[in-house]
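Residue-level structural notes
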Amino acid sequence: MPAPDAAARRLGEAHALLRLLQLIAAEVMDELSEEAEWFAREIAARIPSEN
């Protein structure tokens, strides 16, 4: 199991990636934004919320 600092850093990175994917998904609907939306849903289902 990773050290608590490493786990917190990874969780922060996962949330940053999720926000980036959500921004891309919110753009004009094209193949890239559809794929970003799918990845965002997959990541959101696997990580705890920020709150």
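Since the structure is predicted, the reported quantities are computational estimates derived from the model, not experimental observations.

Cut-off values and rules
- Residues numbered from 1 in each chain as written.
- Predicted model: local features only at pLDDT ≥ 70, side-chain atom pairs only at ≥ 80, totals over all residues.
- Heavy atoms only, no water.
- Helix = DSSP H or I, 4+ residues; strand = E, 2+ residues; numbered from the N terminus.
- Buried < 20%, exposed > 50% of the residue type's maximum accessible area, 1.4 Å probe, protein only.
- Areas by Shrake-Rupley, 256 points an atom, 1.4 Å probe, with all protein chains shown as cover.
- Lys, Arg positive; Asp, Glu negative; His and termini not counted.
- Charge placed at Lys NZ, Arg CZ, Asp CG, Glu CD.
- Contact = heavy atoms within 4.5 Å.

Side note on the overall build of the chain
Summing up its helical and strand segments, the chain has 2 helices and 0 strands in all. Dimensions of the chain along its principal axes, counting C-alpha atoms only, are 40 × 20 × 15 Å. A burial count over the chain gives 22% of its 51 residues as buried. Accessible surface computed for the chain: about 4,200 Å², of which carbon and sulfur atoms make up 59%. Taken as two groups, the 5 positive and 10 negative side-chain charges of the chain have centres that lie 10 Å from each other.

Some words on the side chain of H15
As for its placement among the helices and strands, H15 is situated in helix 1 (residues 4-26). Excluding residues that lie within four positions of it along the chain, H15 makes contacts with I47, P48, S49 and E50.

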